[in-house]
Amino acid sequence: MIVFDLKCSREHVFEAWFDSSSAFETQKAQGFVECPICGCREITKAVMAPAVPAKGNQQPSDADRKEQLRRLAAYQAEVESRCDYVGTSFVSEARARAGKPESKAGEATRGIIGEASISDAMALVSEGIEIAPLPFRIRQKADA
Ligand SMILES: [Zn+2]
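Procedures and definitions
Residues numbered from 1 in each chain as written. Predicted model: local features only at pLDDT ≥ 70, side-chain atom pairs only at ≥ 80, totals over all residues. Heavy atoms only, no water. Axes fitted to C-alpha atoms, helices over the stretch in contact; angles between N-to-C directions. Helix = DSSP H or I, 4+ residues; strand = E, 2+ residues; numbered from the N terminus. Parallel < 35°, antiparallel > 145°, perpendicular 65-115°, else oblique. Contact = heavy atoms within 4.5 Å. Nonpolar A, V, L, I, M, F, W, Y, C, P; charged D, E, K, R; others polar. Donors = N, O, S within 2.8 Å, 3.2 Å for Na, K, Ca; no water. Buried < 20%, exposed > 50% of the residue type's maximum accessible area, 1.4 Å probe, protein only. Phe/Tyr/Trp six-rings, centres within 6.5 Å; stacked < 30°, edge-to-face > 60°. Lys NZ or Arg CZ within 6 Å of the ring centre and 35° of its normal. Salt bridge = Lys/Arg side-chain N within 4 Å of Asp/Glu carboxyl O. Core = buried A, V, L, I, M, F, W, Y, C linked by side-chain atoms within 4.5 Å. Pairing = 2+ DSSP bridges.

Peer 1: Is there a simple way to think about the packing of helix 3 (residues 90-99) against helix 4 (residues 118-126) in this case?
Peer 2: Each pair of packed helices gets described by two things: the angle between the helix axes and the distance between those axes. Two elements in contact, helix 3 and helix 4, have axes separated by 10 Å at closest approach and are oriented at 10°. Here helix 4 runs roughly parallel to helix 3, going by the angle between their axes. Here F90, V91, A94 and R95 of helix 3 come into contact with helix 4, specifically with D120, A123 and L124. When grouped by side-chain class, the residues that make up the contact of helix 3 with helix 4 number five nonpolar, no polar and two charged.

Here is the structure:
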């Protein structure tokens, strides 16, 4: 069942339930749909009122967007500074690293970032290798 806001030729707006959009068209064509106020049968679908977002659920302002971009850029810079870009050898690199024992204490471990197809990424996850999608496009390094 769907509800339509309907309007008669005299601008009376009312709600009516129908099995489907086509059921409304059929019933209207057969003259079964009439205005409950004036009995008029020249019925059209009223234009739906646009949804008004609830308070607290409003579109982010330009300032919010800029702040989000700034944070994303900072996060990207941090990830890029702590990880080595391995490009499309990401999957094999990730597997090779997973097979190694934990690094010795004090040894700085660098992460890797690179590219993997969705299916390769899923395979890594199913092998218990921790990976995470990055919320940004990797800047291609010239030497990669
Ligand atoms: Zn009417």
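Peer 1: Could you clarify how one ought to interpret unusual backbone geometry in this entry?
Peer 2: Note on backbone geometry: most residues besides glycine have negative phi, and most peptide bonds are trans. Non-glycine residue E11 carries a positive phi angle of around 70°. Here E11 shows up in the loop between strand 1 (2-8) and strand 2 (13-18).

Peer 1: Please explain the coordination of the zinc ion as it appears in this structure.
Peer 2: Reference values for coordination geometry: four tetrahedral donors around a metal ideally subtend 109.5 degrees, six octahedral donors ideally subtend 90 or 180 degrees. For the zinc ion, the protein coordination sphere consists of C8 (SG), H12 (ND1), C35 (SG) and C38 (SG), at 2.0 to 2.3 Å. Sequence spacing among the residues donating to the zinc ion works out to C-x3-H-x22-C-x2-C. A relative accessible area of 1% means that C35 is categorised as buried.

Peer 1: Whenever I open this one, the packing of aromatic side chains confuses me. Can you help?
Peer 2: We describe a pair of aromatic rings using the distance from one ring centre to the other and the angle between the two ring planes. One pass over the structure, following the stated rule, counts three aromatic pairs. Aromatic side chains F4 and F18 sit 6.0 Å apart centroid to centroid with 40° between the ring planes, which places their arrangement in the tilted category. Highlighted residues: F4 in strand 1 and F18 in strand 2, separated in sequence by 14 residues. Looking at F4, the relative accessible area reads 8%, which means it is buried. For F18, a relative accessible area of 4% gives the class buried. Both rings, one in F4 and one in F24, keep their centres 5.4 Å apart while their planes meet at 55°; by these two values the pair is tilted. Taken together, the positions of F4 in strand 1 and F24 in helix 1 (residues 21-29) put the pair 20 residues apart, joining distant regions of the chain. Taken together, the ring pairs in this structure connect F4, F18 and F24 into an aromatic cluster. The cationic tip of K45 hangs over the ring face of F4; the distance from NZ or CZ to the ring centre is 4.5 Å.

Peer 1: Would you mind showing me how to read the pattern of salt bridges here?
Peer 2: As a working rule, side chains carrying opposite charge can pair if their charged atoms are close by. Summed over all chains, the structure comprises 10 salt bridges. Taking the shortest distance from any N to any O, the salt bridge between R65 and D62 comes out at 3.2 Å. Of this pair, R65 and D62 both sit in helix 2 (residues 62-82), three residues apart, roughly one helical turn. Residue R65 is classed as partly exposed on the basis of its relative accessible area of 38%.

Peer 1: Teacher, can you tell me more about the nonpolar core here?
Peer 2: As a rule of thumb, nonpolar side chains are buried together in soluble globular proteins. Formed by F4, L6, C8, F14, A16, F18, A23, F24, V33, C35, C40 and I43, the largest nonpolar core amounts to 12 residues. Elements that contribute at least two residues to this core include exactly strand 1, strand 2 and helix 1. Setting aside anything within four residues of it in sequence, one finds V33 in contact with L6, F18, F24, Q27, K28, C40, R41 and I43. Core analysis: the next-biggest nonpolar cluster, separate from the first, contains seven residues, V86, V91, L124 and I129 among them.

Peer 1: Any chance you could explain the sheet that holds strand 1 here in plain terms?
Peer 2: Remark on secondary structure: sheet strands pair via backbone hydrogen bonds, oriented parallel or antiparallel. The antiparallel open sheet is built from three strands, whose spatial order is 2-1-3. A single partner strand is all that each edge strand has here, and the edge strands are strand 2 and strand 3 (43-45). Each strand axis lies, on average, 45° off the axis of its neighbour in the sheet, ignoring direction. As defined by bridge partners, strand 1 adjoins strand 2 across six bridges and the pair is classed as antiparallel. Bridge pairing in strand 2 links K7 to V13. The strands touched by helix 1 within the sheet are strand 1, strand 2 and strand 3, with strand 3 carrying the most contacts at an inclination of about 165°.

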